[in-house]
Amino acid sequence: MVRIRVLVVDDHRIFAESLAAALAAEPDVDVFAAGSGPAALRCLERAAGEGRRYDVLLVDADLGGPPPGARAAVPVRDGNEEGLVDGISLVAGVRTAQPGVRTVVLADKDDPRRAALALQAGASGWVAKDCSLSRLLTVIRGVLRDETHLPPALLTGVLKELTAARRHRTESERLVESLTPREREVLRCMVAGLGRKAVAERLFLSPHTVRTHMQNVLGKLGVHSTLAAVALARRAGVGPADLAGDVVERGGQLA
């Protein structure tokens, strides 16, 4: 019998333990529980090192339990820096680190926007926490067959969200394509968080020239601030300049 290894990730201990116990009663399911994003990542890393990878993660959409209106987040260590990860961010991290692991988001309520974000992050399903055990098992077995599972009531809303996101991304990509190669390099430096002086040193340009390039970038992108330009760039898939690598090519004489 092929066994399915499931990891429940939820910081509500009673719920996590109850769900794990219910799943463990299935003859073909091995289930474990983690109470936070960092604990889940440690479990994944340890299991991979031992050759016992998990098949499915069941991730709490509200991992971290923030106050109403706050960003759901719990601390997680990434290298030597502290970062933040909520349920959907954890899904994205797992997709990057272990793409073979399927993730299903468990939610207290239907939310088309967050469900669309979860799918974009790499989730294979969105399931209500109060669904039946048989329904959850159907989803678990389905995502292992590369199926995507959503509640029927969410389908229309999720499709609208994904269509709007795609349209927004396409427009952002068109605006970025209107930039010159040098302006795109300046934009990548902006995405990396570099200020005008740092950009000037990196590109071998004067601060005045960099200021002109930044103004041109903002104008062509139709935004009024660096933060807005960076947000648009990220939507268009523009990554940050590689600060650890070599300095980019020289841009000619200083202006």
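Above this text is the structure in question.
Below is a short write-up of the structure. (Residues numbered from 1 in each chain as written. Predicted model: local features only at pLDDT ≥ 70, side-chain atom pairs only at ≥ 80, totals over all residues. Heavy atoms only, no water.)

**Concerning unusual backbone geometry**
Here is step 1 of the chain: Within the chain, D146 stands out as a residue other than glycine whose phi angle is a positive 65°.
Here is step 2 of the chain: With respect to the helices and strands, D146 occurs in the loop between α5 (133-143) and α6 (152-177).
Here is step 3 of the chain: Positive phi is not limited to glycine here, since F204 has a value of about 60°.
Here is step 4 of the chain: Along the chain, the position of F204 falls in the loop between α8 (196-203) and α9 (207-221). (Helix = DSSP H or I, 4+ residues; strand = E, 2+ residues; numbered from the N terminus.)

**Brief notes about the packing of α8 against α9**
Here is step 1 of the chain: Running from N to C, α8 and α9 cross one another at 110°; their axes reach a closest spacing of 9 Å. Relative to α9, the element α8 lies roughly perpendicular. Between α8 and α9, the contacting residues are R196, V199 and A200 on the first element and P207, V210, R211 and M214 on the second. (Axes fitted to C-alpha atoms, helices over the stretch in contact; angles between N-to-C directions. Parallel < 35°, antiparallel > 145°, perpendicular 65-115°, else oblique. Contact = heavy atoms within 4.5 Å.)

**Regarding the sheet that holds strand β3 (residues 56-60)**
Here is step 1 of the chain: Strand order in the open sheet formed by five strands is β2-β1-β3-β6-β7, and the pairing between neighbours is parallel. Where the open sheet ends on each side, the last strands, each with one partner, are β2 (29-34) and β7 (125-128). Neighbour to neighbour, the strand axes of the sheet diverge by 25° on average, direction disregarded.
Here is step 2 of the chain: As defined by bridge partners, β3 adjoins strand β6 (residues 102-107) across five bridges and the pair is classed as parallel. Considered in β6, the bridge of V59 is made with V105. (Pairing = 2+ DSSP bridges.)

**What about the nonpolar core?**
Here is step 1 of the chain: Grouped together as the largest cluster of nonpolar side chains are 26 residues, with contacts concentrated most on V176, L187, M190, V199, L221 and A229.
Here is step 2 of the chain: Taken together, the elements giving at least two residues each to this core come down to α6, α7 (181-191), α8, α9 and α10 (226-235).
Here is step 3 of the chain: Apart from the residues within four sequence positions on either side, L221 is in contact with L175, V176, L179, L187, A229 and L232.
Here is step 4 of the chain: If you look at the next biggest cluster of nonpolar residues, it comprises 19 residues, including I4, V104, L137 and V143. (Core = buried A, V, L, I, M, F, W, Y, C linked by side-chain atoms within 4.5 Å. Buried < 20%, exposed > 50% of the residue type's maximum accessible area, 1.4 Å probe, protein only.)

**A short note on helix α2 (residues 37-49)**
Here is step 1 of the chain: When the terminal C-alpha atoms of α2 are compared, their 18 Å separation across 13 residues agrees well with the 18 Å that a helix rising 1.5 Å per residue should span.
Here is step 2 of the chain: Immediately beyond the C-terminal end of α2, within one or two residues, lies G51, with a positive phi of roughly 75°. (Expected span 1.5 Å × (residues − 1).)

**Side note on the pattern of salt bridges**
Here is step 1 of the chain: In this structure the tally under the stated criterion is eleven salt bridges.
Here is step 2 of the chain: In this structure, E17 engages R13 in a salt bridge whose closest nitrogen and oxygen atoms are separated by 2.9 Å. Taken together, the residues E17 and R13, both in helix α1 (residues 13-24) and four residues apart, mark about one turn of the helix.
Here is step 3 of the chain: The class for E17 is partly exposed, based on a relative accessible area of 45%.
Here is step 4 of the chain: Residue classification places R13 among the exposed residues on the basis of a relative accessible area of 64%.
Here is step 5 of the chain: Between E50 and R52 there is a salt bridge whose closest N-O contact spans 2.1 Å.
Here is step 6 of the chain: Classification of E50 as partly exposed rests on a relative accessible area of 46%.
Here is step 7 of the chain: For R52, a relative accessible area of 37% translates into the label partly exposed. (Salt bridge = Lys/Arg side-chain N within 4 Å of Asp/Glu carboxyl O.)

**With respect to the pairing of β2**
Here is step 1 of the chain: With six bridges joining them, strand β1 (residues 4-9) and β2 adopt parallel strand pairing. Within the sheet, the bridge partner assigned to I4 lies in β2 and is V29.
Here is step 2 of the chain: Tracing the backbone out of β1, into α1 and back to the parallel element β2 gives a crossover that is right-handed. (Right-handed = clockwise from strand over helix to strand, strands pointing away.)

**Focus on the packing of aromatic side chains**
Here is step 1 of the chain: Enumeration over the complete set of coordinates arrives at one aromatic pair.
Here is step 2 of the chain: Aromatic side chains F32 and Y54 sit 5.8 Å apart centroid to centroid with 80° between the ring planes, which places their arrangement in the edge-to-face category. With F32 in strand β2 and Y54 in the loop between α2 and β3, this residue pair connects regions lying 22 residues apart in the sequence.
Here is step 3 of the chain: For the cation-ring pair, R5 lies above Y54, with the distance from its terminal atom to the ring centre recorded as 4.6 Å.
Here is step 4 of the chain: Across the ring face of F15, the terminal group of K129 is positioned such that the distance to the ring centre comes to 4.7 Å. (Phe/Tyr/Trp six-rings, centres within 6.5 Å; stacked < 30°, edge-to-face > 60°. Lys NZ or Arg CZ within 6 Å of the ring centre and 35° of its normal.)

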